[in-house]
Amino acid sequence: MPEEYVSLEVRLGLSTSKPVDSKRAEFHAELLKLLFPKTKRWHHIGGTHCIPLSHHDCDWNPDELVVKVCKTIQQEKVDDRAISCCIIDFSGNSWVSLREVLIDLFFKRVLEIYKTSSCRHLLILLPRCPLAGSLSYDRILHTQAELEEKKLTLVVLGSSNGYLVVSGSGFAPPEWLGVAYVKLIRDLLERPEQKLESKLIRRLGHFRTIDTETGEGSCRIYSYCFLEGCDHEFLTLFTRWWRAHQGASDLILFDLKNNNPFRTALVSLRDKRRGLKVERIDDVIDNDEFARQLAAQYHKCLLVLDVVESGKTLRSYVIRLQDRKIDVYPQVVAAVNKAAGKDSPFDGFRIKGLVGRNPEVRMAVCSQCALGLPFTSDETEPYDRIRAFDMLTMAKHCGYAPEPQEEVPYGQKRYECLPDFDKMLEEYGDWIAYKIISILRKENMAFPLIVYPGEAQSTAVVERLQKTWGEESLIAVRVDQSLVRAAKDVGNEWARVRENPDHREQCNTLVDTLLNHGKDTSSVIVDVYWGSGSNCTSLERLLDYCGCNMFAYVCIVDFDPSESDLTHLGRPRLSLYKWYNPRPKV
Amino acid sequence: MKLSEENTLNSCLAIAHYLRQNRDENDKNAENVRGLLIKDLVRRVGYLEPADKAFWALFLWHDLLPNDARLAFANSGLTTDEVRRFVRFRRKKDIGIVTVIAEELEAVLIALGKDRNSLPDVDDPTGRYWFAAIPRNEGRPLSIVVTYVGAPRNVPCAITVSQMLAAFELEMVCMVGIAAGVQAKVKQGDVVWSLAVYDYEHCRLELQKKETGEKVSVRRERPYYQPAARQVVAAVRRLKEEAVRTCFRELALRAGQDTLLNQETAGEEYLSLHDGNIAAGEVLIADGSLQTMYEEVDNLIRAGDEDDSGFSQAASDQEIDWMIFRGISDYGDPDKPKKNEWHFRAALSAAATCLTFLKFHWRPRQAAV
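Residues numbered from 1 in each chain as written. Chains lettered and ligands numbered in written order. Predicted model: local features only at pLDDT ≥ 70, side-chain atom pairs only at ≥ 80, totals over all residues. Heavy atoms only, no water.

This paragraph deals with the overall build of chain A. The helix and strand inventory of chain A stands at 23 helices and 24 strands. Buried positions account for 57% of the 586 residues belonging to chain A. Taking contacts inside chain A between residues at least 6 apart in sequence as the whole, the part at least 24 apart equals 72%. Accessible area of chain A: about 25,000 Å², with a carbon and sulfur share of 49%. (Helix = DSSP H or I, 4+ residues; strand = E, 2+ residues; numbered from the N terminus. Buried < 20%, exposed > 50% of the residue type's maximum accessible area, 1.4 Å probe, protein only. Contact = heavy atoms within 4.5 Å. Areas by Shrake-Rupley, 256 points an atom, 1.4 Å probe, with all protein chains shown as cover.)

The subject of this paragraph is the overall build of chain B. Looking only at helices and strands, chain B features 13 helices and 14 strands. Relative to its full complement of 369 residues, chain B shows a buried share of 53%. The contacts in chain B between residues at least 6 apart in sequence include a share of 75% that link residues at least 24 apart.

The next point concerns the packing of helix 11 (residues 231–244) of chain A against helix 12 (residues 260–272) of chain A. Residue and element names in this part refer to chain A. With their axes 8 Å apart at the nearest point, helix 11 and helix 12 run at an angle of 55 degrees to one another. The orientation of helix 11 relative to helix 12 falls into the category oblique. The hand of the helix 11/helix 12 crossing is right-handed. For the pair helix 11 and helix 12, the contacting residues are Asp231, Phe234, Leu235, Phe238 and Thr239 in the first and Pro261, Phe262, Thr264, Ala265, Leu266, Ser268, Leu269 and Lys272 in the second. (Axes fitted to C-alpha atoms, helices over the stretch in contact; angles between N-to-C directions. Parallel < 35°, antiparallel > 145°, perpendicular 65-115°, else oblique. Left-handed = near helix turned anticlockwise from the far one by under 90°.)

The next point concerns the environment of glutamate 279 of chain A. All names here are of chain A. Structurally, glutamate 279 can be placed in strand 12 (residues 277–280). You can call glutamate 279 buried: its relative accessible area is 17%. Between the alpha carbons of glutamate 279 and isoleucine 252 there is a distance of 6.4 Å; along the sequence they are 27 residues apart. Apart from the residues lying within four places of it in its own chain, the contact partners of glutamate 279 are Ile252, Leu253, Phe254, Val284 and Phe290.

Below, the discussion takes up the interface of chain B and chain A. Counting residues at the interface gives 42 residues for chain B, matched by 48 residues for chain A. Together, the buried faces of chain B and chain A total about 4,300 Å²; carbon and sulfur atoms form 57% of this surface. At the boundary of chain B with chain A, the tally comes to 3 salt bridges. Arginine 320 of chain A is the salt-bridge partner of glutamate 250 of chain B, the closest N and O atoms lying 3.8 Å from each other. For the pair chain B and chain A, the interface holds 10 residue pairs in polar contact (both at pLDDT 80 or more). Only helix 1 (8–22), helix 2 (28–45) and helix 9 (241–254) of chain B provide two or more residues apiece to the side of chain B that touches chain A. It is helix 2 of chain B that provides the largest number of residues to the side of chain B that touches chain A, a total of 9 residues. When its residues are assigned to classes, the side of chain B that touches chain A shows 17 nonpolar, 11 polar and 14 charged. (Buried area = accessible area lost by both parts, 1.4 Å probe. Salt bridge = Lys/Arg side-chain N within 4 Å of Asp/Glu carboxyl O. Polar contact = N/O pair within 3.5 Å; in protein donor to acceptor, adjacent residues only side chain to side chain. Nonpolar A, V, L, I, M, F, W, Y, C, P; charged D, E, K, R; others polar.)

For the rest of this paragraph, the subject is unusual backbone geometry. All names here are of chain A. A positive phi angle is found at lysine 151, which is not glycine, with a value near 60 degrees. Here lysine 151 is to be found in the loop between helix 8 (144–150) and strand 7 (153–158). Although it is not a glycine, lysine 325 adopts a positive phi angle of roughly 65 degrees. For lysine 325, the position within the fold is in the loop between helix 15 (312–323) and strand 14 (327–328).

Residues and elements named next belong to chain A. Overall, parallel pairing links the 5 strands, which are arranged 21-20-22-23-24 in an open sheet. Sheet topology places strand 21 (475–479) and strand 24 (573–578) at the edges, where each strand pairs with a single neighbour. Within this sheet the neighbouring strands show an average axis-to-axis angle of 20 degrees, counted without direction. As paired strands, strand 23 (residues 549–558) and strand 24 are joined by 5 bridges and run parallel to one another. Counted as the bridge partner of tyrosine 553 is arginine 573 from strand 24. (Pairing = 2+ DSSP bridges.)

To continue, consider the nonpolar core. One finds Ile97, Ile144, Val173, Phe311, Phe325, Phe357 and Leu358 of chain B to be the most contacted residues of the largest nonpolar core, which totals 83 residues. Looking at this core element by element, the count peaks at 11 residues for helix 13 (residues 342–360) of chain B. Apart from residues no more than four positions distant in its own chain, phenylalanine 357 of chain B is found in contact with Met172, Val232, Ala235, Val236, Leu239, Phe325 and Trp362 of chain B. Listed in part, the 74 residues of the second largest apolar core include Ile221, Met424 and Val524 of chain A together with Phe55 of chain B. (Core = buried A, V, L, I, M, F, W, Y, C linked by side-chain atoms within 4.5 Å.)

Next up on the list: the pairing of strand 9 (residues 200–210) of chain A. Residue and element names in this part refer to chain A. Counting buried residues along strand 9, 9 of its 11 residues qualify, which places the element largely inside the surrounding structure. Note that strand 9 and strand 10 (residues 217–226) share 9 bridges and pair antiparallel. Bridge pairing links arginine 202 to tyrosine 224 in strand 10.

Residue and element names in this part refer to chain A. For the structure on display, the rule yields 50 salt bridges over all chains. Note that glutamate 279 and lysine 277 form a salt bridge whose closest N and O atoms lie 3.2 Å from each other. For lysine 277, a relative accessible area of 25% corresponds to the partly exposed category. Here aspartate 480 makes a salt bridge to arginine 478, at a shortest N to O gap of 3.3 Å.

So, on to the packing of aromatic side chains. All names here are of chain A. Evaluated as defined, the whole model comprises 26 aromatic pairs over all chains. The interplanar angle of 45 degrees and the centroid separation of 5.3 Å between the aromatic rings of phenylalanine 36 and phenylalanine 171 together place this pair among those described as tilted. Highlighted residues: phenylalanine 36 in the loop between helix 1 (22–35) and strand 3 (42–44) and phenylalanine 171 in the loop between strand 8 (163–167) and helix 9 (177–188), separated in sequence by 135 residues. On the basis of relative accessibility, which here comes to 10%, the residue phenylalanine 36 falls in the buried class. Taken together through their ring pairs, the aromatic side chains of Phe226, Phe234, Phe238, Trp241, Trp242, Phe262 and Tyr329 make up a single cluster. (Phe/Tyr/Trp six-rings, centres within 6.5 Å; stacked < 30°, edge-to-face > 60°.)

Our next topic: the state of the cysteines. One pass over the full model with this rule turns up 0 disulfides over all chains. Between cysteine 507 of chain A, a cysteine without a disulfide, and cysteine 546 of chain A, which holds the nearest cysteine sulfur, the sulfur-to-sulfur distance is 7.8 Å. (Disulfide = S-S within 2.5 Å.)

Attention shifts here to the confidence of the model for chain A. The pLDDT averaged across chain A works out to 85; a share of 96% of its residues lies at or above 70. Of all the helices and strands in chain A, strand 2 (residues 18–19) of chain A carries the lowest mean pLDDT, 72, while helix 17 (residues 388–398) of chain A carries the highest, 96. (pLDDT = per-residue confidence, 0-100.)

Our focus in this paragraph is the environment of tyrosine 198 of chain B. For tyrosine 198 of chain B, the position within the fold is in strand 8 (residues 191–199). C-alpha separation for the pair tyrosine 198 of chain B and aspartate 298 of chain B, spaced 100 residues apart in sequence, amounts to 9.0 Å.

In this section: the pairing of strand 13 (residues 300–308) of chain A. Residues and elements named next belong to chain A. Along strand 13, 7 of the 9 residues are buried, which leaves the element largely enclosed by surrounding structure. Across 2 bridges, strand 13 lies against strand 14 in parallel orientation. Bridged to lysine 300 within strand 14 is aspartate 327.

So this is what it looks like as structure tokens:
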């Protein structure tokens, strides 16, 4: 007889329950094989569910989580017979976001899960195993007596730092469990290389590169920057490389003017390793005395650069360092290698890029210089909004097309010609999301509730926002187009939409979700463009009906800009670009 | 909640650029795109000042003409470029640098990474201008416009500065050049930067009766000082001589003038920085009177030349911050040779000082240029 198990995932930032993705479901099955190698077959009962958790829940009702888990398990179990194992998976969240108090109260009531599920083994997967001495750790140990009495087992696994087993059934984990589990979960989670790739934003502007040797300048339209919060990925990847190149040097010289996360990672490495010296390369080159001291002590340095493309800057640094009697290690580490793939040779050196990109075609004549447009900074965005040159560059590159028929608001006339926003989001979506997030963060929006119409393009924008901001920080509630249409039919009176039997159930779920997630946080309506504002009005009325506080309407392009920058109902209307092109009249 | 955005003029320039690219495409989609761009451009132009609006109206009309009509328009000698001169079409740059003689211009061009004999990027009735950028360790590169007066004395210099300020929106102007120095205080190759400009020509000619009863004309000095802005002076004070010397060495190598480095005297610092007042008039001092001025009029005087009063007054009149860097090429005495081998060396010293100042110690007020 196969052994039966139930598995649930708890995910911060979800607005509603959804099935666990298949990769994670497979991971759960593999984990059971790892822990119970003698069991021939495992049978999963019920569906697979992600239990949504909001920041409000974490702050105000942390002890309700166990109630939700038990309720879900009850729904999954077909009958009252005992099952072998229950898996509760928190590992897809960050430890910091989960809050210690939530985990502590969860373990305080963990025995209720045994009672509800009638399981013998309970596996709790956390982003990090509670440390000895912490409240959660003590809670886990306190279960020992009761688990021994009932011959049950509790296994707590941390993604990176070990595990805890409390067993009253004589269960003994295999010796290699820690290492094997880390490998298993690493295959599931995004690898640091992938995470770093997803944190690299390509920005548009008028960027100037100066050749440090000759002083000559050339212009670029793209600049790369990494989002904050990827120092861990930089540290992991650099440490990995460092370990493989032990004989590199104890002197690291870096040029990371526009890369705070990598700089932070290097400083963190220096703090952990005695004898490692980490300095800015300009501080050495511009100060002969300091250079002499370093040359006397180290003789050789490892260069760490932000972006390597033509190699001119690298060559210039090497010459100037060698003039100062400091040799350069033959491998150079770059955050972004734009020379020829991630790893490439250059002039006797090997460039190891943590991320690779194609080289940019340099223009013989810069059209932005010819227009007299000012330069923009590699470090910061010059403006909240997008410049006209950049918007039109994106539009030209992605093309123009008629408005997709399904995006035309009910009762309105179609735009015959608009930028192709699908392609624009595909090519430049990261930068667009970055700019929207920058605006919201400027207004201290930490965890906004995003409400958006269920159109394909709006969905694409929100997915980009979640990818850039982090799913945990951004709860998004989709409002189906059928509901928006229904609302417009009744003058945006959502009470009447709810009364309609065709829409009642869907509307009730929507309203419950908004009521649950919308208290104690501000809501932001996100859309692709403002044509007539009809979608916005419907969603504003919905938020009013649910008693949610609306902060603003945000879109990429406002095709009917006004002086006041307000919606029809008088709330802030924020757009990344104003482009006068009102919707044709019916 | 107000979101920041680029200025309307720059957005109009960008739209016009893409309109030009689209102009010769004839399919339906291109026509739709053109309509989209023109509608937006027309609306933006509505926010400009009347003179700029007039230019854009002409531009739009001109650009929408069929090709052959547009060519005929150009052949008549009237183009949008001519109209552009009448409108306030100022391009935004961070810093303007003014040079007077050829050696000064060459030194500045070398400092900015350009060829010393490079042709100007703009050469029209408004002036001759070279564009460059200065990279910085933190922040975006500074955008630079350089101009060349080509004639000595205050008035030509003032005219050039005024023309440059009419053509460019600048945050600061710098004068980089050579001057005679007060021998008691400075040596050849040193650089003096200005606390103030002392215009010694400002005087009153009066009739004075001598004991003999004869009336003679006498010159009564009326000291006229133009002080540099306090915040600019504070920023320049942070300059380190070592950093300037390092820069000078690099520029000398870049200029292919290694021999300049051989002029270092063992044990002596070859480029020192001095703050002080710069005496400016309408004459080239070669009679030793600079020393006298230092001793008898103002013991803060460190250098003298014939352009700085026009420069500083033209800048101050437009409320633009300014600073002067003068490399000392001689002492304004009878021993001063007509062609001085120190001219280029002194100009390069001044250029190195200005470059080091802008690179490390000056911050633009504007968020982006």
